[in-house]
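Letter by letter, the chains look like this.
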Amino acid sequence: MSLIGHVTSSPVTPWHGALYTYVWAGNGVFIHGRRDHLEVRFQLSPAKVRGLEEVTELFEFKLPRVPVQILQQLWTMARAQAIGNLEELYHLLWTGETWELVRPKQSQTSATCRPLEDGPDSSHARAVIEIHSHHEMQPRFSRQDDADETGFRLYGVIGKVLSDPHIRLRVGLYGHFWEIPAGWVFELPGGLQDCVAYRMENCVAITGGNNAEEV
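Residues numbered from 1 in each chain as written. Predicted model: local features only at pLDDT ≥ 70, side-chain atom pairs only at ≥ 80, totals over all residues. Heavy atoms only, no water.

Draft legend 1. Summary view of the packing of aromatic side chains. A full pass over the atoms with the stated rule returns 10 aromatic pairs. With a centroid separation of 5.4 Å and an interplanar angle of 35 degrees, the aromatic rings of Phe 59 and Trp 184 are classed as tilted. With Phe 59 in strand β5 (residues 57–61) and Trp 184 in the loop between β13 (176–180) and β14 (193–194), this residue pair connects regions lying 125 residues apart in the sequence. Classification of Phe 59 by relative accessible area gives buried; the value is 0%. Through successive ring pairs, a cluster of aromatic residues spans Phe 42, Phe 59, Phe 61, Trp 94, Trp 99, Trp 178 and Trp 184. (Phe/Tyr/Trp six-rings, centres within 6.5 Å; stacked < 30°, edge-to-face > 60°. Helix = DSSP H or I, 4+ residues; strand = E, 2+ residues; numbered from the N terminus. Buried < 20%, exposed > 50% of the residue type's maximum accessible area, 1.4 Å probe, protein only.)

Shown next, in the form of structure tokens:
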């Protein structure tokens, strides 16, 4: 099996490359990836291609949503750092039974936060979800975020932490990105707004682990 696969949607063969697969479909070019607990397919470029079937976007999250208490704890920690105008990095790990919130050892400034450890046993390597805070800056992913977030996992950013808190979430698939509603993954606490709304007619989202449901 090659690292990167290329297939067409007539018929679609969703898993071909070891890292990810490009799917050439009647409605454009898509990318498909699968790892433990997560399978995604999203559009990279729209197009009309005769002779190929159209495909839908897919988000299948095979773990329970992150409980509201954990996101509330993360938000509280981000507020404390925002008072000092500092960004902060957080990792969310799945233990096999529960979610664990980790604040890794890190370097912090008003514009960056980076883990000091990234070995195979570190929380950086084991995180299912990585989130960083933007204190009072907007919750938007920067070019530096794009350059840093090169794995296959979920990435989030919380911004306007003290005045108008919002969270933005995306799938990162080895340098390709797809913004999704945070509510697909988190139980959101009151007062923390989701930046992304999604039109579902061309997307299948299955979340909630053992109690999975389409949303």
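That shown, we press on.
Draft legend 2. Broad picture of the layout of surface pockets. Counted as a void, the largest pocket has a volume near 420 Å³. Each residue belonging to the lining of the largest pocket can be placed in one class, and the counts come to six nonpolar, eight polar and seven charged. (1 Å grid on protein atoms, 1.4 Å probe; cavity = no way out; pocket = protein on both sides within 12 Å on 5 of 7 lines; lining within 4 Å. Points joined across faces, edges and corners; volume = space filled by probe spheres on them. Nonpolar A, V, L, I, M, F, W, Y, C, P; charged D, E, K, R; others polar.)

Draft legend 3. The pattern of salt bridges, seen in detail. Scanning all chains against the criterion turns up seven salt bridges. A salt bridge links Lys 48 to Glu 54, with the shortest nitrogen-to-oxygen separation between them at 3.8 Å. Taking relative accessible area as the criterion, Lys 48 reaches 74% and is therefore assigned exposed. Looking at Glu 54, the relative accessible area reads 52%, which means it is exposed. Measuring nitrogen to oxygen at the nearest pair gives 3.2 Å for the salt bridge that ties Asp 148 to Arg 114. Of the two residues, Asp 148 sits in helix α3 (residues 143–148) while Arg 114 sits in strand β9 (residues 113–115), which places them 34 residues apart along the sequence. Through salt bridges with shared partners, a single network forms among Asp 146, Glu 149 and Arg 170. (Salt bridge = Lys/Arg side-chain N within 4 Å of Asp/Glu carboxyl O.)

All we've got here are geometric facts, nothing functional implied.
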